[in-house]
Amino acid sequence: MTLHNDLLIRAAKGEKVERVPVWLMRQAGRILPEYRKVRNSVSGFIELAKTPELAAEVTIQPVDLLGVDAAIIFSDILVIPEAMGLPYQMIEKQGPWFENTIQSAKDLSKVRIASPEEDLSYVLDAIKIAKKELNGRVPLIGFAGAPWTIFSYMVEGAGSKTFSKAKKMLYAEPELSHQLLDMITNSTILYLKAQIKAGADLIQIFDSWAGILSPDQYDTFGLKYISKICDAIDEVPITVFAKGAFFARKRMNELKCETIGLDWNMSISASRRLIGDNKTLQGNLDPCVLYSSDQEIEKHTIQMLEDFGGHRHIANLGHGVYPDISPEKVKVFIETVKNWRAS
């Protein structure tokens, strides 16, 4: 299918674009009253994500309502551990919770390599529906969690400030850790390839907890497995977003991916110097800027755009948009990006 707006794809590949493309992490979600209406029609987040027609509907909402240059499929990174045999619940105002976790080699024998067509068909169906309904208006982004981030939930069983149980396993049982990370990586490669086959135009890998590891640990237990995923996928452009991994930016230049996402703590000029000119950079406005006045949002957005210089840049926030931010403020950010041109 021909894309009518392919700015995101061209920017990711380093091709010339008329303007900087823009989208937001977590754009399909609670900032939109239209999303909340759909979510309230079902039992909760998981049922919504597992109902392909509804997941496709909320995927497309930001394109219609906010004017972003891409849609991202509505799903969750934790569908992979569930597909591997470790189901989870999404507790309101608390986050994900796993009744069973991986603590030993015996536990490892209870999980398997995921089969996307069987275990994750609802995501693939949602992609097919969204792709058809978008009708080429904008690209559709597929995604998965990075192996370390998925590992941390499978071992910890819930969110954590320190993920000390997961980090303990890396130090105390490195062989077991690598076995589990390999299983997650193989499952993720199959899953992402299935998303691409279903219609995803670009892939993003989210490493939400990259920043809690030391540089050496992240090299061994983080980037190694992201690199395996990037090496295995050459069908579409790949974006790697490793939150907090400022120490790994130079090594990220070696990844076989097109785009590196920056969080708002990462200096744009330093990131460009460390990562080099052969990668597109994505980001990185502080989401909290969107709580301020329209004038302040415009000022900070323009400053960000000028710092990136309009070259190999995809405009985004430095993390997901927060649920209590007004959609009108988000629109100011989006329109400011759309109206800006490099001098």
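The structure displayed is predicted, hence computed values, not measured ones.

Undergrad: It is not clear to me how helix 16 (residues 327-339) should be interpreted in this structure. Could you clarify?
TA: An α-helical turn contains 3.6 residues, so a residue and the one three or four places further along point in the same direction. Along its 13 residues, helix 16 runs 18 Å from first to last C-alpha, staying within 8% of the 18 Å computed at 1.5 Å per residue. Where the residues of helix 16 are buried, they touch helix 2 (33-39), strand 8 (280-285), helix 15 (294-308) and strand 9 (313-317). The opening residue of helix 16 is Ser326, an N-cap whose side-chain oxygen sits 3.0 Å from the backbone nitrogen of Glu328.

Undergrad: What am I meant to see in empty space enclosed by the protein here?
TA: One simple way to see leftover space: roll a probe sized like a water molecule over the atoms. All told, the structure shown has 1 cavity of 30 Å³ or more when counted by the stated rule. A volume near 40 Å³ is recorded for the largest cavity. Lining the largest cavity are Phe45, Ile46, Ala49, Lys50, Asp76, Val79, Glu82, Tyr88 and Tyr122. In terms of residue count, helix 3 (residues 45-49) provides more of the lining of the largest cavity than any other element does, 3 residues in total. Partitioning the lining of the largest cavity into residue classes produces 6 nonpolar, no polar and 3 charged.

Undergrad: I tried to follow helix 15 on my own but got confused; where do I start?
TA: The end-to-end C-alpha distance of helix 15, which contains 15 residues, comes to 21 Å, matching closely the 21 Å that a straight helix rising 1.5 Å per residue would cover. Of the positions making up helix 15, those classed as buried are Ile297, Thr301, Met304, Leu305 and Phe308. Around the axis of helix 15, the buried residues are gathered within 95° of arc, so they sit on the same side. Against helix 14 (268-275), strand 8, strand 9 and helix 16 lie the buried residues of helix 15. Positive backbone phi, at 80°, marks Gly309, one or two positions downstream of helix 15.

Undergrad: Which parts of the structure should I look at to understand the environment of Asn278?
TA: Position of Asn278 relative to the elements: it lies in the loop between helix 14 and strand 8. Apart from the residues within four sequence positions on either side, Asn278 is in contact with Asn253 and Arg312.

Undergrad: I'm lost on the pattern of salt bridges in this one. Help?
TA: Pairing between side chains becomes possible if they bear opposite charge and their charged atoms approach one another. Per the stated rule, a full pass over the model turns up 15 salt bridges. Among the ionic pairs, Glu18 bridges to Arg10, the shortest N-O distance being 2.9 Å. Of the residues examined, Glu18 reaches a relative accessible area of 54% and is grouped as exposed. Between Glu235 and Lys193 there is a salt bridge, and its shortest N-O distance comes to 2.7 Å. One end of the pair, Glu235, is in the loop between helix 12 (215-232) and strand 6 (238-242); the other, Lys193, is in helix 11 (residues 174-198), with 42 residues separating them in the sequence. When salt bridges that share partners are traced, they join Asp6, Arg10 and Glu18 into one network.

Scoring rules and cut-offs
- Starting from 1, residues in each chain are numbered consecutively following that chain's sequence as written.
- Local features in a predicted model are, by the rule used here, given only for residues with pLDDT of at least 70; side-chain atom pairs are given and counted only at 80 or more, and totals for whole chains, interfaces and linings are based on all residues.
- Side-chain calculation: all heavy atoms of the structure are included, whereas hydrogens and water are not.
- Secondary structure elements follow DSSP: runs of H or I no shorter than four residues count as helices, runs of E no shorter than two count as strands, and numbering proceeds from the N terminus.
- Expected span, for any helix, means 1.5 Å times one less than how many residues it has.
- Here a residue-residue contact requires only that any non-hydrogen atoms of the pair lie within 4.5 Å.
- Whenever a nitrogen or oxygen atom comes within 3.5 Å of another N or O atom, the pair is scored as a polar contact, on the condition that within protein one atom can donate a hydrogen and the other can accept it, and that pairs from neighbouring residues in sequence are kept only if both atoms are in side chains.
- Buriedness for pockets is judged along seven lines, at least five of which must meet protein on both sides within 12 Å for an open set on the 1 Å grid over protein atoms alone, while cavities are sets there where a 1.4 Å probe fits but cannot get out, and lining residues have an atom within 4 Å of a point.
- Grid points are joined across faces, edges and corners, and a volume is the space filled by probe spheres set on the points.
- Ten residues, namely Ala, Val, Leu, Ile, Met, Phe, Trp, Tyr, Cys and Pro, are considered nonpolar, four, namely Asp, Glu, Lys and Arg, are considered charged, and the remaining ones, Gly among them, are considered polar.
- The buried label applies to any residue whose accessible area, calculated with a 1.4 Å probe on protein chains only, is under 20% of its type's maximum; exposed applies above 50%, and partly exposed to all values in between.
- By definition, the arc is the one covered by directions from the helix axis to the C-beta atoms.
- The salt bridge definition used is simple: a Lys or Arg side-chain nitrogen within 4 Å of an Asp or Glu carboxyl oxygen.

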